[in-house]
Amino acid sequence: MNIADSEEMAAHLLARGYMPTENLDEADLALINTCTVRDHAEHRALSFLGRLRKWKRENPKRIIIFAGCAAQRLGEKLKKTFPYLDLVSGAKEIDRFAELLDNSALFIPSGTQENKPQSSITGYVTIMRGCDFECSYCIVPSVRGPVQCLPSAEILKNAAQKAAQGYKEIVLLGQTVNAWKEEGKTFADLLNEVSSIEGVERVRFVSPHPIFITNDFLKAVENNPKIARHIHLPVQSGSTKVLQEMKRGYSREILLEKLDALKKRGFAISTDIIVGFPTETEADFQETLSLVERVHFSAAYCFKYSPRQGTPAAEMTLFPEKILEERLDILLNKVKGLAESAYRAQLGKPVQILMETPNKGRTSDNFWAQTQKEYPIGSVVNTEVVSVEDTLLLTRD
Ligand code: SAH
Ligand code: SF4
């Protein structure tokens, strides 16, 4: 989501004559797009902003913009700690970013620059913003606001534009991306429509919520080979009690049913897990470990619970850091071998690879594969896995 938001803000800067650079010393403007989902993310953004003090002092004409979710949370009071900060643009204001730039007293040049040539085959299309859930640990609803679905006509236009620019894989984005709906149209309909746009070889979506993974959804997408057979589905915990206290809206049993249904249809599944939620007992934690053992995720991103101001869980008593660290360590040990075993399980399987370099690409279930021959970037190669090296599939082709 932040990549897409950064691209959107960057497009407004390009339209005003700025060019991207990798080198901060030659930059006239720095835009920091931030995350606040965990304290650590916000901390990193703020310490980067702190380091820009010297950069600004070297040339006071330089412009610093602080954008995104941490900007939304902290607002104008940031300017007290960082008086050299020129503009704060919160995540809710992304639609008005251009207006904000032009109405600021800053010297923003006029002119246009060509969009930089694409360096990848993947194009991101935002289909909804915000979140209507109220997970008790999560700050997203307060910094991003309620759900706003973009109209399908606009989404299809954006996706077609990306395809015309040569992007072969379209990733549809939203905080709860599969909550997208429109009068007379489901999320599955939208996926199928995007996949039939000329030039689109593969469609992915991030991040779905388990609640909307229904049999109807699975039926509507299972015969469409352009819809990737990989899903990143954050489970958060394996304990029904903790899931309830997190207000996730599903139990362990319902979750397992959904995960099994996805597996049966050939989906590789990756996930997010939080350890040390304030009410998580040792027995609850064991349930998370047993879920991980049972499901064989292809990857799991594990986070220590981080209290976020204003959320209900932030009122509860925190575990001592030592327990958080211990649980995280145990879980990380458990998930360490997941990727390797998921790769090993691909041996002998037929795969469809979307080429990202002349001899490497990703399979529909999101595994890296290397072909024997060379192919045009963006082409699709149907072949078979003949051997596996750590996290790389080698194919017959
Ligand atoms: N909308 C997505 C998640 C968005 S936040 C969903 O509902 O699945 C991305 C990830 O950050 C979450 O999946 C969760 O694992 C993690 N996260 C969110 N709030 C957190 C918190 N307070 N502490 C630790 N991790 C958190
Ligand atoms: Fe946060 Fe829950 Fe919304 Fe995901 S569904 S963004 S975790 S409130």
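No experiment lies behind these values; they were computed from the predicted model shown. (Residues numbered from 1 in each chain as written. Chains lettered and ligands numbered in written order. Predicted model: local features only at pLDDT ≥ 70, side-chain atom pairs only at ≥ 80, totals over all residues. Heavy atoms only, no water.)

Topic: the pattern of salt bridges
As a working rule, side chains carrying opposite charge can pair if their charged atoms are close by.
Part 1 of the argument: Within this structure, the stated rule accounts for 29 salt bridges.
Part 2 of the argument: A salt bridge links Arg327 to Glu280, with the nearest nitrogen and oxygen atoms 3.0 Å apart. Of this pair, Arg327 sits in helix α13 (residues 321–336) while Glu280 sits in the loop between β10 (268–275) and α12 (282–295), and the two are 47 residues apart along the sequence. Assigned by exposure class, Arg327 and Glu280 land together as buried.
Part 3 of the argument: When salt bridges that share partners are traced, they join Asp5, Glu8, Asp95, Arg129 and Arg144 into one network. (Salt bridge = Lys/Arg side-chain N within 4 Å of Asp/Glu carboxyl O. Helix = DSSP H or I, 4+ residues; strand = E, 2+ residues; numbered from the N terminus. Buried < 20%, exposed > 50% of the residue type's maximum accessible area, 1.4 Å probe, protein only.)

With respect to the pairing of strand β7 (residues 169–173)
Part 1 of the argument: Among the 5 residues of β7, 5 are classified as buried, and the element is accordingly described as predominantly covered.
Part 2 of the argument: Judged by which residues are buried, β7 turns out to be covered on both faces: Glu169, Val171 and Leu173 on one side and Ile170 and Leu172 on the other are all buried.
Part 3 of the argument: In this sheet, β7 lies alongside strand β4 (residues 122–126) in parallel orientation, the contact comprising 5 bridges. Bridge assignment links Tyr124 to a residue of β7, and that residue is Val171. (Pairing = 2+ DSSP bridges.)

Describing the site of ligand 1
Part 1 of the argument: As a structural note, the neighbourhood of ligand 1 is formed by 14 residues, with Tyr137, Gln175, Gln236, Asp272 and Ser306 the closest of them.
Part 2 of the argument: Here Gln175 contributes a backbone N or O atom positioned 2.7 Å from a nitrogen atom of ligand 1.
Part 3 of the argument: One of the backbone nitrogen or oxygen atoms of Ser306 is found 2.7 Å away from a nitrogen atom of ligand 1.
Part 4 of the argument: Looking at the shell around ligand 1, the elements with two or more residues in it are β10 and β11 (299–304).
Part 5 of the argument: Residue composition of the shell around ligand 1, grouped by class: 6 nonpolar, 3 polar and 5 charged. (Near = heavy atom within 4 Å. Polar contact = N/O pair within 3.5 Å; in protein donor to acceptor, adjacent residues only side chain to side chain. Nonpolar A, V, L, I, M, F, W, Y, C, P; charged D, E, K, R; others polar.)

Some thoughts on the sheet that holds strand β9 (residues 230–232)
Part 1 of the argument: Pairing within the open sheet is parallel, and its 3 strands lie in the order β9-β10-β11. Edge positions in the sheet fall to β9 and β11, since each has one partner strand and no second. Sheet twist, expressed as the average angle between the axes of neighbouring strands with direction ignored, equals 10°.
Part 2 of the argument: Bridge count for β10 against β11 is 6 bridges, and the pairing is parallel. Note that in β11 the partner of Ile273 across the bridge is Cys302.
Part 3 of the argument: Running at roughly 175° to β11, α13 makes contact with β10 and β11 of the sheet. (Axes fitted to C-alpha atoms, helices over the stretch in contact; angles between N-to-C directions. Contact = heavy atoms within 4.5 Å.)

Here we look at the pairing of strand β16 (residues 392–395)
Part 1 of the argument: Here β16 shows no split at all, with Leu392 and Leu394 on one side and Leu393 and Thr395 on the other all buried.
Part 2 of the argument: Two strands pair when backbone bridges link them, and strand β14 (residues 368–370) and β16 are joined in this way by 2 bridges, in the parallel orientation. Bridged to Ala369 within β16 is Leu393.
Part 3 of the argument: Inspection of the sheet shows strand β15 (residues 380–389) paired to β16 by 4 bridges, in the antiparallel sense. When the bridges of β16 are listed, Val388 appears paired with Leu393.

What to know about helix α1 (residues 2–14)
Part 1 of the argument: The first and last C-alpha atoms of α1 sit 18 Å apart over 13 residues, in line with the 18 Å expected at 1.5 Å per residue.
Part 2 of the argument: Every buried residue belonging to α1 is among Ala4, Asp5, Met9, Leu13 and Leu14, and all of these are buried. (Expected span 1.5 Å × (residues − 1).)

A few points about the side chain of Thr383
Part 1 of the argument: Here Thr383 shows up in strand β15.
Part 2 of the argument: Judged by its relative accessible area of 11%, Thr383 falls in the buried class.
Part 3 of the argument: Within the local environment of Thr383, its side chain forms a polar contact with the backbone nitrogen of Asp397, the two atoms lying 2.7 Å apart.
Part 4 of the argument: The residues contacting Thr383, other than those within four sequence positions of it, are Lys349, Pro350, Val351, Ile353, Thr395, Arg396 and Asp397.

Quick word on the site of ligand 2
Part 1 of the argument: Taken together, the residues surrounding ligand 2 are Cys131, Phe133, Cys135, Tyr137, Cys138, Val140, Pro141, Thr176, His209 and Arg248.
Part 2 of the argument: Of the residues assigned to the shell around ligand 2, the class counts are 7 nonpolar, 2 polar and 1 charged.

Some remarks on the side chain of Asn178
Part 1 of the argument: Looking at where Asn178 falls in the secondary structure, it is placed in the loop between β7 and α8 (187–195).
Part 2 of the argument: Apart from residues lying up to four places away in sequence, Asn178 is in contact with Phe187, Pro208, His209, Phe212 and Ile213.

Observations concerning the environment of Tyr305
Part 1 of the argument: Tracing the chain through its elements places Tyr305 in the loop between β11 and α13.
Part 2 of the argument: Taking relative accessible area as the criterion, Tyr305 reaches 5% and is therefore assigned buried.
Part 3 of the argument: Once the C-alpha coordinates of Tyr305 and Leu255 are considered, the two residues, 50 residues apart in sequence, prove to be 21 Å apart.
Part 4 of the argument: Those residues within four positions of Tyr305 in sequence are excluded, and the remaining contacts are Tyr137, Ile274, Val275, Gly276, Phe277, Pro278, Ala313, Ala314, Leu318 and Leu324.

Considering the domain arrangement of the protein
How large an interface is tends to be reported as the accessible area lost when its parts come together.
Part 1 of the argument: Under the domain assignment used here, the protein contains domain 1 (2–103), domain 2 (118–228), domain 3 (235–336) and domain 4 (343–395).
Part 2 of the argument: Contacts between the two partners involve 10 residues from domain 2 and, on the opposite side, 12 residues from domain 4.
Part 3 of the argument: With both chains or domains summed, domain 2 and domain 4 bury close to 820 Å², and 50% of this area falls on carbon and sulfur atoms.
Part 4 of the argument: Where domain 2 packs against domain 4, one counts 1 salt bridge.
Part 5 of the argument: The partner of Arg362 in a salt bridge is Glu169, with the nearest N and O atoms 3.0 Å apart.
Part 6 of the argument: Connecting domain 2 to domain 4 are 5 residue pairs in polar contact (both at pLDDT 80 or more). (Domains from an automatic or database assignment. Buried area = accessible area lost by both parts, 1.4 Å probe.)

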